[in-house]
Amino acid sequence: MGKKTTRVAKPDSKAAVKRAKKSRDYHLPPGVARQSLLQSAIRLLNERGMGNVSLNDVAREAKLNPALVSYYFGSKDNLFQAVVEQVVGEWRAEILAVVPEDAEAEEALRLRASATMHFLRRYPYLTRLIMHQMMTVKSKESRFFIENFARVNFEEHTALLRKGVDAGVFRPVEPLFYFAHYVALGDLYANLQPMMERLGGKPQSDDERFGAFVETMIEMLIYGIAANPKKKPQRSR
């Protein structure tokens, strides 16, 4: 009768590697692991759009155990909500950083529009994700955060429009429609870029074309609310 042999798993077997990886994942500092997942989700959303990003994709991109995504966020909607909160917070901070407190109404609107268009060039999926969250997420906290952020910005724009009307620079317009126009401009370049390249060719410098696009869109935006449309509004320096 032959001697019975016992099989010993090799240290580098798939099971051993998986166990080791899982152990390392869960021993990461909580803030580091959560932020790594958030940044991975942001990268994938920029590359693929929100319809093509799964929780497993996010974990794979972050090189972390998929169970961590559920542990920190619970669901895909909650993960997307966390992305919105982080990115919108950055958006808000950039707007406040570029607009002086004593800026006149026209200058403030120009700077806000420019900051938004430059910011959303880096995050072209953001406005669609916000709309998706507002329509589908049932969490009161999620809706409150998004709607509260939008309302704060809407009220600030309403006040600037009123200030411009009082100064005789702007004509009265519906603030809701102006604000919708302002938000829509944010990712307009990303949406229209393929069409512009087919019609006008691929530019030598996309940054230069984008800069010219921003300047033109803002001129049209401000000209459209000018008190005297026949006379071009004086551009703030």
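Residues numbered from 1 in each chain as written. Predicted model: local features only at pLDDT ≥ 70, side-chain atom pairs only at ≥ 80, totals over all residues. Heavy atoms only, no water.

1. Structural notes on the overall build of the protein chain
Then, number 1: Within the protein chain, the secondary structure is distributed over eleven helices and zero strands.
Then, number 2: Helices and strands appear in the protein chain in the N-to-C order α-α-α-α-α-α-α-α-α-α-α.
Then, number 3: Across the 237 residues in the protein chain, those meeting the buried criterion constitute 35%.
Then, number 4: Put simply, 68% of the contacts in the protein chain that link residues at least 6 apart link residues at least 24 apart.
Then, number 5: When the accessible surface of the protein chain is totalled, it reaches about 14900 Å², and 56% of it is carbon and sulfur. (Helix = DSSP H or I, 4+ residues; strand = E, 2+ residues; numbered from the N terminus. Buried < 20%, exposed > 50% of the residue type's maximum accessible area, 1.4 Å probe, protein only. Contact = heavy atoms within 4.5 Å. Areas by Shrake-Rupley, 256 points an atom, 1.4 Å probe, with all protein chains shown as cover.)

2. Remarks on the packing of helix α5 (residues 76-98) against helix α7 (residues 126-136)
A pair of packed helices is characterised by two quantities: the angle between their axes and the separation of those axes.
Then, number 1: Two elements in contact, α5 and α7, have axes whose closest approach is 10 Å; the angle formed by their N-to-C orientations is 130°. Here α5 is positioned oblique relative to α7, judged by the angle of their axes. In terms of crossing hand, the pair formed by α5 and α7 is left-handed. Between α5, through Asp77, Phe80, Gln81, Val83, Val84, Val87, Val88 and Trp91, and α7, the contact on the second element is made entirely by Leu126, Leu129, Ile130, His132, Gln133 and Thr136.
Then, number 2: Across the contact of α5 with α7, the residue classes break down as nine nonpolar, four polar and one charged. (Axes fitted to C-alpha atoms, helices over the stretch in contact; angles between N-to-C directions. Parallel < 35°, antiparallel > 145°, perpendicular 65-115°, else oblique. Left-handed = near helix turned anticlockwise from the far one by under 90°. Nonpolar A, V, L, I, M, F, W, Y, C, P; charged D, E, K, R; others polar.)

3. Looking at the packing of helix α6 (residues 105-122) against helix α9 (residues 175-186)
Then, number 1: The N-to-C vectors of α6 and α9 enclose an angle of 35°; their axes lie 7 Å apart at closest approach. Along the contact surface, α6 presents Leu109, Arg112, Ala113, Thr116, Met117 and Leu120, while α9 presents Tyr178, Tyr182, Leu185 and Gly186.
Then, number 2: Among the residues making up the contact of α6 with α9, the classes are represented as seven nonpolar, two polar and one charged.

4. Describing helix α4 (residues 66-73)
Then, number 1: Burial in α4 covers these residues: Leu68, Val69 and Phe73. What you see down the axis of α4 is that its buried residues fit within an arc of 105°, all on one side.
Then, number 2: Regarding α4, its N-cap is Asn65, as a side-chain oxygen of that residue lies 2.9 Å from the backbone nitrogen of Ala67 further along.
Then, number 3: Gly74 sits one or two residues past α4 and shows a positive phi near 85°. (Arc of directions from axis to C-beta. Polar contact = N/O pair within 3.5 Å; in protein donor to acceptor, adjacent residues only side chain to side chain.)

5. Looking at the pattern of salt bridges
Then, number 1: Within the structure shown, the criterion is met by eleven salt bridges.
Then, number 2: The salt bridge involving Arg110 is made with Glu219; its shortest N-O contact spans 2.8 Å. Separated by 109 residues along the polypeptide, Arg110 in helix α6 and Glu219 in helix α11 (residues 206-224) bring together distant segments of the chain. Glu219 carries the same exposure label as Arg110, and that label is buried.
Then, number 3: In this structure, the salt-bridge partner of Arg121 is Asp206, at a minimum N-O distance of 2.7 Å. Of the two residues, Arg121 is situated in helix α6 and Asp206 in helix α11; the sequence distance between them amounts to 85 residues.
Then, number 4: Since its relative accessible area comes to 32%, Arg121 is described here as partly exposed. (Salt bridge = Lys/Arg side-chain N within 4 Å of Asp/Glu carboxyl O.)

6. Considering the packing of aromatic side chains
Then, number 1: Evaluation of the coordinates by the stated rule reveals ten aromatic pairs.
Then, number 2: Centre to centre, the rings of Trp91 and Phe149 are 5.8 Å apart; their planes meet at 50°, and the pair counts as tilted. Remark: Phe149 occurs in helix α8 (residues 140-166) and Trp91 occurs in helix α5; sequence separation between them is 58 residues.
Then, number 3: The class for Trp91 is buried, based on a relative accessible area of 5%.
Then, number 4: Residue Phe149 is classed as buried on the basis of its relative accessible area, which comes to 17%.
Then, number 5: Members of the aromatic cluster, each reached through a chain of ring pairs, are Trp91, Phe119, Tyr123, Tyr125 and Phe149.
Then, number 6: A cation over an aromatic ring shows up here: Arg121 above the ring of Phe210, its NZ or CZ 4.4 Å from the ring centre. (Phe/Tyr/Trp six-rings, centres within 6.5 Å; stacked < 30°, edge-to-face > 60°. Lys NZ or Arg CZ within 6 Å of the ring centre and 35° of its normal.)

7. Quick word on unusual backbone geometry
Then, number 1: Positioned with a positive phi, Lys63 is a non-glycine residue whose angle comes to about 60°.
Then, number 2: Positionally, Lys63 belongs in the loop between α3 (55-62) and α4.

8. Describing the side chain of Asn65
Then, number 1: Of note, Asn65 is situated in the loop between α3 and α4.
Then, number 2: Separated by 2.9 Å, the side chain of Asn65 and the backbone nitrogen of Ala67 make a polar contact.

9. Points about the confidence of the model for the protein chain
Then, number 1: On average, residues of the protein chain score 82 in pLDDT, and 81% of them reach the 70 mark or higher.
Then, number 2: Below a pLDDT of 50 lies the segment residues 6-27, which in the model reaches twelve contacts outside its immediate sequence neighbourhood of four places, other chains included. (pLDDT = per-residue confidence, 0-100.)

10. A few points about the environment of Gly201
Then, number 1: Locating Gly201 in the fold gives a position in the loop between α10 (188-200) and α11.
Then, number 2: Apart from the residues within four sequence positions on either side, Gly201 is in contact with Met196 and Arg209.

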